Amino acid sequence: MSFSMTKRTKNNIKKALGVWGRILSSTVLCFFLYFTMIFLVQIFSRTEVGYEITDANNAVVSSYTYAFEDDPSAVLKTAQEGLKEGQAIRRIYENMSPTVEAVFNVVVQLLMLLAVGVFPYSKMWKLGAKDANKVRYGRKKEDLLRGFKIGAIANTPFVVSYALLVLAKFGVILPQFIIVFRYINIPYLSIINWICPVTAATDMSILALLGVFLPFFFIPLVCGLGYILGYRDISLYERIVFRSKRKTEVDEEI
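Predicted model only: the values in this text are computed from it and were never measured. (Residues numbered from 1 in each chain as written. Predicted model: local features only at pLDDT ≥ 70, side-chain atom pairs only at ≥ 80, totals over all residues. Heavy atoms only, no water.)

Draft legend 1. Quick peek at the sheet that holds strand β3 (residues 88–94). Strand order across the open sheet formed by three strands is β2-β1-β3, with antiparallel pairing between neighbours. The open sheet has two free edges, formed respectively by β2 (60–65) and β3, since each of these has just one partner strand. On average, each strand axis in the sheet is tilted by 25° relative to the strand beside it, whichever way the strands run. Here strand β1 (residues 47–54) runs beside β3; their pairing, made up of seven bridges, is antiparallel. Looking at β3, one finds that Thr-54 is bridged to Ala-88. (Pairing = 2+ DSSP bridges. Helix = DSSP H or I, 4+ residues; strand = E, 2+ residues; numbered from the N terminus. Axes fitted to C-alpha atoms, helices over the stretch in contact; angles between N-to-C directions.)

Draft legend 2. Region of interest: a nonpolar patch on the surface. A cluster of nonpolar residues, Val-160, Leu-164, Leu-167, Phe-170, Val-172, Ile-206 and Leu-210, forms a patch on the protein surface that exposes about 650 Å² of accessible area. Secondary structure elements with two or more residues in the nonpolar patch: α5 (156–169) and α8 (206–211). Per element, the largest residue contribution to the nonpolar patch is three residues, and it comes from α5. Looking at the secondary structure, you find Leu-167 in helix α5. (Patch = residues over 30% accessible without salt bridge, like charges linked within 9 Å, V, L, I, M, F, W, Y side chains within 5 Å. Areas by Shrake-Rupley, 256 points an atom, 1.4 Å probe, with all protein chains shown as cover. Salt bridge = Lys/Arg side-chain N within 4 Å of Asp/Glu carboxyl O.)

Draft legend 3. Inspection of the pattern of salt bridges at higher detail. Going through the model one piece at a time under the given rule, you end up with three salt bridges. A salt bridge links Arg-90 to Glu-52; the shortest N-O distance between them is 2.9 Å. Separated by 38 residues along the polypeptide, Arg-90 in strand β3 and Glu-52 in strand β1 bring together distant segments of the chain. For Arg-90, a relative accessible area of 32% puts it in the partly exposed group. Between Arg-146 and Asp-131 there is a salt bridge whose closest N-O contact spans 2.7 Å. A residue pair is termed long-range when its members are at least 10 positions apart, and Arg-146 in helix α4 (residues 146–154) and Asp-131 in helix α3 (residues 98–136) qualify at 15 residues. Judged by relative accessible area, which is 4%, Arg-146 ranks as buried. (Buried < 20%, exposed > 50% of the residue type's maximum accessible area, 1.4 Å probe, protein only.)

Draft legend 4. View of the packing of α5 against helix α6 (residues 177–184). Where α5 meets α6, the axes come as close as 9 Å, and the angle between the chain directions of the two elements is 165°. One finds that α5 runs roughly antiparallel with respect to α6. Judged by the twist between their axes, the crossing of α5 over α6 is left-handed. For the pair α5 and α6, the contacting residues are Phe-158, Ser-161, Tyr-162, Leu-164, Leu-165 and Ala-168 in the first and Phe-177, Ile-178, Phe-181 and Ile-184 in the second. Of the residues contributing to the contact of α5 with α6, the split by class is nine nonpolar, one polar and no charged. (Parallel < 35°, antiparallel > 145°, perpendicular 65-115°, else oblique. Left-handed = near helix turned anticlockwise from the far one by under 90°. Contact = heavy atoms within 4.5 Å. Nonpolar A, V, L, I, M, F, W, Y, C, P; charged D, E, K, R; others polar.)

Draft legend 5. Region of interest: the packing of aromatic side chains. The final tally for this structure, using the stated rule, is 18 aromatic pairs. On the basis of an interplanar angle of 75° and a centroid distance of 6.3 Å, the ring pair of Tyr-188 and Phe-218 is categorised as edge-to-face. Pair noted here: Tyr-188 is in the loop between α6 and α7 (189–195) and Phe-218 is in helix α9 (residues 218–231), with a separation of 30 residues, a long-range link. Assessed through its relative accessible area of 4%, Tyr-188 is described here as buried. Both rings, one in Phe-213 and one in Phe-217, keep their centres 5.7 Å apart while their planes meet at 90°; by these two values the pair is edge-to-face. Taken together through their ring pairs, the aromatic side chains of Phe-158, Tyr-162, Phe-181, Tyr-188, Phe-213, Phe-216, Phe-217 and Phe-218 make up a single cluster. (Phe/Tyr/Trp six-rings, centres within 6.5 Å; stacked < 30°, edge-to-face > 60°.)

Draft legend 6. Empty space enclosed by the protein, seen in detail. Scanning all chains against the criterion turns up one cavity of 30 Å³ or more. Reported here for the largest cavity is a volume of approximately 40 Å³. The wall of the largest cavity is formed by Arg-8, Asp-131, Lys-140, Lys-141, Asp-143, Arg-146 and Tyr-227. By residue class, the composition of the lining of the largest cavity is one nonpolar, no polar and six charged. (1 Å grid on protein atoms, 1.4 Å probe; cavity = no way out; pocket = protein on both sides within 12 Å on 5 of 7 lines; lining within 4 Å. Points joined across faces, edges and corners; volume = space filled by probe spheres on them.)

Draft legend 7. Inspection of the nonpolar core at higher detail. Ranked by size, the top nonpolar core spans 30 residues in total, and within it Val-19, Met-124, Leu-165, Phe-181, Tyr-188, Met-204 and Val-212 carry the most contacts. Elements with a minimum of two residues in this core: α1 (2–45), α3, α4, α5, α6, α8 and α9. For this core, the element with the most residues is α3, which contributes five residues. Excluding anything up to four places from it in sequence, Val-212 contacts Phe-158, Tyr-162, Leu-165, Phe-181, Ile-192, Ile-195, Cys-196 and Met-204. (Core = buried A, V, L, I, M, F, W, Y, C linked by side-chain atoms within 4.5 Å.)

Draft legend 8. Quick peek at unusual backbone geometry. Non-glycine residue Asn-58 carries a positive phi angle of around 70°. Mapping Asn-58 onto the fold places it in the loop between β1 and β2. In the Ramachandran plot, Asp-233 falls in the positive-phi region, its phi being about 60° despite a non-glycine side chain. Mapped onto the elements of the fold, Asp-233 is located in the loop between α9 and α10 (236–253).

If you want it as structure tokens, here you go:
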């Protein structure tokens, strides 16, 4: 019996390594997704809010913020006419308004959760379907929690990074480790920033410290759900596509 348990655990660890590899690939994808999206949003959402006048040494001499009724081009023309020798005008831009930033954080977070969840889900769905056949023919014992277990093991790197964050909170290592924690766990970046918007771990509250552990449960839940649905032979993709196709056919008949 002990040999059987050891073999099962080893097998779960092996599967977890495969899931972790997919998490790692998804994390790299999320890194590029986040910075590409923020670059594009900043370009297309930025607005000109004023200007600065600088001297020959590039030091700011004065600045002006546009009023609501101002015509920026007319204001700039007047300012340029009054420039002294060696002075220059530098326009000031606001990259993202609070509303745009809030929408961006929600959208990019949903996309990153989708990116980091879809590959482990797919792998666990296939494993669940495979295990169901083995159980059906008496070659394996049923374990509907297997997906959750594998997901928890695969998420061990998150636990390690969280343990280091706890050490940073209490000053054992550099408090700035929280910045590293954010980016090595970039699939949950918006959630972490919302719970803990500080740049030094020592400034975190205990409640915030507990809160940033919540993303740990995402992968085990995704893996557990994928395994169970695969075990039950329930395909969300086929159901969504089939219902959409059927609705289209009904609409065409009408």
